[in-house]
Amino acid sequence: MVASAAMATGRGKVILFGEHAVVYGHPALAAGIALGVEAEASPAPENLLTVDPWGVQVAPPGDGALQEPGEHADLAEAFAAAIASLPEGTDGATAVRAEVALPAAAGLGASAALGVAVIGALHERFGVTLSAEALSHKAQAWERVFHGNASGIDNHMAAHGGVARFQKGKPLTPVALTAPIRLLVAHSGEAGSTKEMVARVAEQYARNQGKLEKVFSGIAALVDQGELLLQRGDCEPLGELMQLNQALLSALMVSTARLEGLCKSALAAGAFGAKLTGAGGGGCVIALCPAKQEDRVENALTGEGATTFWTTLEHHRRERTNASA
Ligand code: MEV
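Keep in mind that what you see is a predicted model, and the values were worked out from it rather than measured.

Criteria and cut-off values
Residues numbered from 1 in each chain as written. Predicted model: local features only at pLDDT ≥ 70, side-chain atom pairs only at ≥ 80, totals over all residues. Heavy atoms only, no water. Near = heavy atom within 4 Å. Polar contact = N/O pair within 3.5 Å; in protein donor to acceptor, adjacent residues only side chain to side chain. 1 Å grid on protein atoms, 1.4 Å probe; cavity = no way out; pocket = protein on both sides within 12 Å on 5 of 7 lines; lining within 4 Å. Sits in = over half its atoms within 2 Å of the grid points. Helix = DSSP H or I, 4+ residues; strand = E, 2+ residues; numbered from the N terminus. Axes fitted to C-alpha atoms, helices over the stretch in contact; angles between N-to-C directions. Parallel < 35°, antiparallel > 145°, perpendicular 65-115°, else oblique. Left-handed = near helix turned anticlockwise from the far one by under 90°. Contact = heavy atoms within 4.5 Å. Nonpolar A, V, L, I, M, F, W, Y, C, P; charged D, E, K, R; others polar. Pairing = 2+ DSSP bridges. Phe/Tyr/Trp six-rings, centres within 6.5 Å; stacked < 30°, edge-to-face > 60°. Buried < 20%, exposed > 50% of the residue type's maximum accessible area, 1.4 Å probe, protein only. Lys NZ or Arg CZ within 6 Å of the ring centre and 35° of its normal.

### Quick word on the site of the ligand
Now for step 1: Lining the immediate surroundings of the ligand are 13 residues, of which K13, H20, V22, S151 and D154 lie closest.
Now for step 2: A distance of 3.1 Å separates an oxygen atom of the ligand from a polar side-chain atom of K13.
Now for step 3: With respect to the detected pockets, the ligand is housed in the largest pocket.
Now for step 4: Those elements giving two or more residues to the shell around the ligand turn out to be β1 (6-17) and α4 (153-160).

As structure tokens, then:
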């Protein structure tokens, strides 16, 4: 096997419809975004992962670990899982440097993008180019370390990109759009923990499975309708579906006063619809706007202290980089 420096990327994502229900086997619609993670792997005396701009450095747990016991334990464990995912017979330690362009704990899939980039770079370093499917499969173990019972949607989107329908245990289905769709992403400034929000929904599910299954079925119906509207580029009714999904996410108690406030402001400024994206409990909202109202909606949200950027939903196949040196 070749020992050389290599690079790989992982994308962030937005969930358009279906978060949380997707953990229970229902479908969801999501899109990869341009912001993500780039990782570079090169031969080194010891296995080492550096994550910038977090200023974090970890070695796999055990002898020689740099970090104090318990410090960045999740990341060190996930890195160990990434190394363990290399093919048998792979020989040689690796230093991986990852550059994260996504905010963490924002519902944009930063941990999955990091996992996909690190695992991709580790494999490229040994001359193994993984398919997007193999990469997302290997990144599932990474995601489990951070999020416990993760559905797999984040690692699939981080590896594949594009706009897609995801359902546990089924192949990811790309959604073909007639035209690109612009979406405003607004970060509330609140941090949201996916693990905690998934656990919160699981507690409710354990108490009242029947009620939650009804909510999930409602969300699944929005996913089905949303897919058709996305394909047709019919943004006004798509916005209405986002409103309905937001109401159902509130019923699951994963929204916050701040996220509700941002959604309301987006609507008041002329958005077709707005909802939280990802696990909730903080993080981002997404808003779909008529072209003429884009500035107004963005100004309304930045006026409330949110940090915004635009992303374009479009059909996209993952580009792989192999910068063997
Ligand atoms: C997180 O981006 C989406 C959730 O549905 C969790 C998951 O699917 O793993 C909340």
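### Observations concerning the packing of helix α1 (residues 73-84) against helix α2 (residues 110-125)
Now for step 1: Following both chains from N to C, one finds α1 and α2 inclined at 40°, their axes separated by 10 Å at the closest point. Our classification of the angle between α1 and α2 gives oblique. As for how α1 packs across α2, the hand of that crossing is right-handed. Together, L75, F79, A82 and I83 of α1 and L114, V118, I119 and L122 of α2 make up the contact between the two elements.
Now for step 2: A breakdown of the residues in the contact of α1 with α2 according to their chemical character gives 8 nonpolar, no polar and no charged.

### Focus: the environment of P174
Now for step 1: Tracing the backbone shows P174 in strand β7 (residues 173-174).
Now for step 2: Between the C-alpha atom of P174 and that of Q57, which follows or precedes it by 117 residues, the distance is 36 Å.

### Description of the sheet that holds strand β10 (residues 284-288)
Now for step 1: Taken in spatial order, the 4 strands of this open sheet run β9-β10-β8-β11, and their pairing is antiparallel. Of all the strands in the sheet, just β9 (273-277) and β11 (307-313) have a single pairing partner and so form its edges. Strand-to-strand twist of the sheet, defined as the mean angle between neighbouring strand axes without regard to direction, takes the value 25°.
Now for step 2: In this fold helix α7 (residues 235-251) packs onto β8 (181-187), β9 and β10, with an angle of close to 45° to the strand it touches most, β9.

### Overview of the packing of aromatic side chains
Now for step 1: Under the counting rule described, the total for this entry stands at 4 aromatic pairs.
Now for step 2: Judged by centre distance (4.8 Å) and plane angle (25°), the rings of Y24 and F216 are stacked. One end of the pair, Y24, is in the loop between β1 and β2 (28-43); the other, F216, is in helix α6 (residues 209-232), with 192 residues separating them in the sequence.
Now for step 3: Y24 gets classed as partly exposed once you look at its relative accessible area, which sits at 23%.
Now for step 4: Ring geometry for Y205 versus F216: centroids 6.1 Å apart, planes at 15°, classification stacked. Here the residue Y205 occupies a position in helix α5 (residues 194-207), and F216 occupies one in helix α6, the gap between them amounting to 11 residues.
Now for step 5: Residue class for F216 comes out buried when judged on its relative accessible area of 0%.
Now for step 6: Pairwise contacts between aromatic rings join Y24, Y205 and F216 into one cluster.
Now for step 7: Just above the ring of W310 sits the side chain of R182; from NZ or CZ to the centre is 4.6 Å.

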